[in-house]
Amino acid sequence: MTTPEAAHRALGTSATTAPLPRPVSREGPAHVPAQPSPPTDPGTAPVRTLEPGSGHHRPALEGFLTTSAHQEPGRDHVEELVRATPLRRLLIDVGAGEGSDTRRLAPYFDHVTAIEPSPLLTEALRSACALTQAEALAADSLGTCSQPGGAHRAHPVIHLAIHPLCHDRPAHRDALRRGAGVMDNDPTHPAHDDRTAALRLDEKTMRMLGGQVVDALVEHIEGLVSRPVLRRPSEETVRDLLAEPLPAGPEADPAALLDEVTALLGAGNAHPDHPRFLAFVPSPGNFVGVLAAALAAGFAVPTGWRFSGPVASAIESAAIAWLMELLGLPAGTGGLFVSGGSTANLTALTAARDLTVGPGAPGGTAYFSDQTHFSVHRALHILGIGADRIRRLPADRTQRLDPQMLADHVARDRRAGLNPFVVIANAGTTGTGAVDPLPELAALCRAERLWLHVDGAYGAAAAATAPGRKALAGLDLADSLSVDPHKWLFQPAELGCVLLRDPARLRTAFGVDLPPYLTDRPHDDGPGVDFLQYGIQQTREFRALKLWLSLKVFGAEAIRAAVARGIRAAEDLAAYIASCPGVEPVTAPSLAVLTFRCTAPTGTRLPADTEDRTTDRVCRDLATDGYALVMPTTVAGRRVFRLCTINPRTTTDDLHAVVTDLRDRWHRLVKEQTSR
Ligand SMILES: Cc1ncc(COP(=O)(O)O)c(C=O)c1O
């Protein structure tokens, strides 16, 4: 890296500092230190004030660039204009000779560098390319080139307000804008009002901020394993977020703001993509899906209606067809992407209600096991099926819905004059991964003319693999199915999918007569699907692109292998637990969920509720440490540890370490309690 001295020598420049007192009443943005140090000579003093640390680092300096102004009109206004700019950190004064602004302006800035005019600099100011060089050298001389981070940070960007006098010189202005990362948040910039009103950033800034976001994402993903899975934000952070007033004006330094947001997101939430996030159903995600989400949002892709989004409609249909093929579902099946499993269940159950008992659902009764996800109960509530017509049946010893018990309840309700219409079966319960006996339930539903909805939000993805398809035999018999690619198909939220054996039924349930502004269109729609007629939403995120692009980039085999890895991980872990002293399996691995418990040392007898409380406490302690996230659940009335192993980043070592950690903590706590 060029040393400051070398940079000055190369430029033939000198650094000057104006030892003027800083004006007392300086109103600056919040990030300007209240008691700034006096301006220092960048040639001799360390001026790297923007170091990483204390919360976040800034990838860029912000400052003000002025050119030699002595021959220009309007110089009297310079000080006033400088005072108005929020960019206070760096003054680069080009042409700091007679009439230089440096001495007058220096007090307003934390750091000042003045550069004599030179042939090189004149050239630099004549074209964007050369200006970039000047920018780099000037920044280098301030010691900012060594900022850590990704590629864009290797080229320090100085956010510069354009000297008002430069506005009169289009060549300078354009060069600055293209070459120097000029922020048009300079309120003195003539284009400022227009841009702000149109909510626009200039091209350079968009590239710079976009690069910063990509870097932050890559750093997050690459660094996940070495960071805590969960860190709670301080109460103060939460209070500040809650109390922050509506920002009235623009942010002076969006780059620093993005850094702050990145730090908040990194440190203030759990990370469901972390390899040791083993609670609930993790969201491993994948980077291609993230990029697809950005593309979908950035291109403002219309998705509801094929007239305005023919490519979007085709990609969604193709992604659904690929998903069906991946899961081995029958030809003709179809549906649409929705926000997640809860919406998929609601969408499917709406169709089930409308096509069996009708929208009013007179006497309509619904059946499912007590292991079923709460979104099913909520969906039925939304659909007007009251609690008195919801049969939440106790699961059997294997956590599955018993077909005989179901048949008995259906018969009893029919005798009571009710109108049974739907059975909701699980293709992988959230609690233990249990798969209800789908073939038997399908046969019963056929015989009783009941709609069979299968909630495979978490587990249906397993059908992408041979062992999973075996475990999920009968999945193809469902009238409707929910599956969440944002769970075990590694997509970022939100990406759920509702599939119907006869997708036309969705159109029957949700289709409406469109108003004239949607029907009077200038040309024929061509082939494709108007997805707005198949579900709840009109304006929809172009979610399909996430799965479509991921499948294209990685290929179906990679996805199958990643799913298979999750199934294998649960099986291997079960074998480890069986061989590990002090722990024992409770429910066998089902798809990619297993449960186990710790066993008290021989001779130690503890009341069941003490053991249960200890299990809960151990999970809380582990989460507080941030090493792993494991949530307990209840099986047969007892608290047990539950692990969901779908994240392909999770290693065998991670899993073994978490189990032994839980066991050691549990035994330590038990020992403390029994020795009291
Ligand atoms: C079996 C099952 N169904 C439905 C849902 C709800 O899905 P979402 O959170 O995407 O709405 C979940 C969530 O974990 C689930 O595991």
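Residues numbered from 1 in each chain as written. Predicted model: local features only at pLDDT ≥ 70, side-chain atom pairs only at ≥ 80, totals over all residues. Heavy atoms only, no water.

(A) Spotlight on the site of the ligand. As a matter of local geometry, the ligand sits amid 15 residues, with Gly341, Ser342, Thr430, Asp455 and His486 nearest to it. Side-chain polar atom of Ser342 to an oxygen atom of the ligand: 2.6 Å apart, as the coordinates give it. At a separation of 2.7 Å, a nitrogen atom of the ligand approaches a polar side-chain atom of Asp455. Surface burial for the ligand is 83%, taken as the share of its 390 Å² of free accessible area covered by protein chains. (Near = heavy atom within 4 Å. Polar contact = N/O pair within 3.5 Å; in protein donor to acceptor, adjacent residues only side chain to side chain. Areas by Shrake-Rupley, 256 points an atom, 1.4 Å probe, with all protein chains shown as cover.)

(B) Local environment of the sheet that holds strand E7 (residues 390–393). Pairing within the open sheet is mixed, and its seven strands lie in the order E5-E11-E10-E9-E8-E6-E7. Of all strands in the sheet, those with a lone pairing partner are strand E5 (334–338) and E7, marking the two edges. In this sheet, neighbouring strand axes are inclined to one another by 20° on average, regardless of whether the strands run parallel or antiparallel. One ladder, built from four bridges, connects strand E10 (residues 480–483) with strand E11 (residues 496–500); its direction is antiparallel. Residue pairing in the sheet places Leu481 in a bridge with Leu499 of E11. Across the face of the sheet, helix H13 (residues 310–327) comes into contact with E5, E10 and E11 while running at roughly 110° to E5. Sitting on the sheet, helix H15 (residues 374–382) is in contact with strand E6 (364–369), E7, strand E8 (419–426) and strand E9 (451–456), with an inclination near 175° to E6. (Pairing = 2+ DSSP bridges. Helix = DSSP H or I, 4+ residues; strand = E, 2+ residues; numbered from the N terminus. Axes fitted to C-alpha atoms, helices over the stretch in contact; angles between N-to-C directions. Contact = heavy atoms within 4.5 Å.)

(C) Summary view of the pattern of salt bridges. For the structure on display, the rule yields 24 salt bridges. A salt bridge links Glu557 to Arg560; the nearest nitrogen and oxygen atoms lie 3.2 Å apart. Of this pair, Glu557 and Arg560 both sit in helix H23 (residues 556–579), three residues apart, roughly one helical turn. A residue is classified by how much of its surface remains accessible, and Glu557, at 55% relative accessible area, is exposed. On the basis of relative accessibility, which here comes to 21%, the residue Arg560 falls in the partly exposed class. (Salt bridge = Lys/Arg side-chain N within 4 Å of Asp/Glu carboxyl O. Buried < 20%, exposed > 50% of the residue type's maximum accessible area, 1.4 Å probe, protein only.)

(D) Broad picture of the pairing of E10. Neither face of E10 is open: one carries Ser480 and Ser482, the other Leu481 and Val483, and all of them are buried. Handedness of the E9-helix H18 (residues 466–471)-E10 crossover: right-handed. (Right-handed = clockwise from strand over helix to strand, strands pointing away.)

(E) Just the confidence of the model for the chain, in detail. Overall, the predicted model of the chain reaches an average pLDDT of 79, with 71% of residues at or above 70. Between residues 67–75, whose pLDDT stays under 50, and residues either more than four places distant or in other chains, the model counts 24 contacts. The model gives residues 117–191 a pLDDT under 50, and that stretch makes 190 contacts with residues more than four places away or in other chains. (pLDDT = per-residue confidence, 0-100.)

(F) Inspection of the environment of Leu326 at higher detail. Looking at the secondary structure, you find Leu326 in helix H13. Along the primary structure Leu326 and Ala464 are separated by 138 residues, whereas in three dimensions their C-alpha atoms are 5.2 Å apart.

(G) Summary view of the sheet that holds strand E14 (residues 631–635). Strands sit in the order E12-E13-E15-E14 across an open sheet of four strands; the sheet is antiparallel. Two strands bound the open sheet, and with one partner strand each, they are strand E12 (583–590) and E14. Averaged over all neighbouring strand pairs, the angle between strand axes comes to 35°, with direction disregarded. Bridge count for E14 against strand E15 (residues 638–644) is five bridges, and the pairing is antiparallel.

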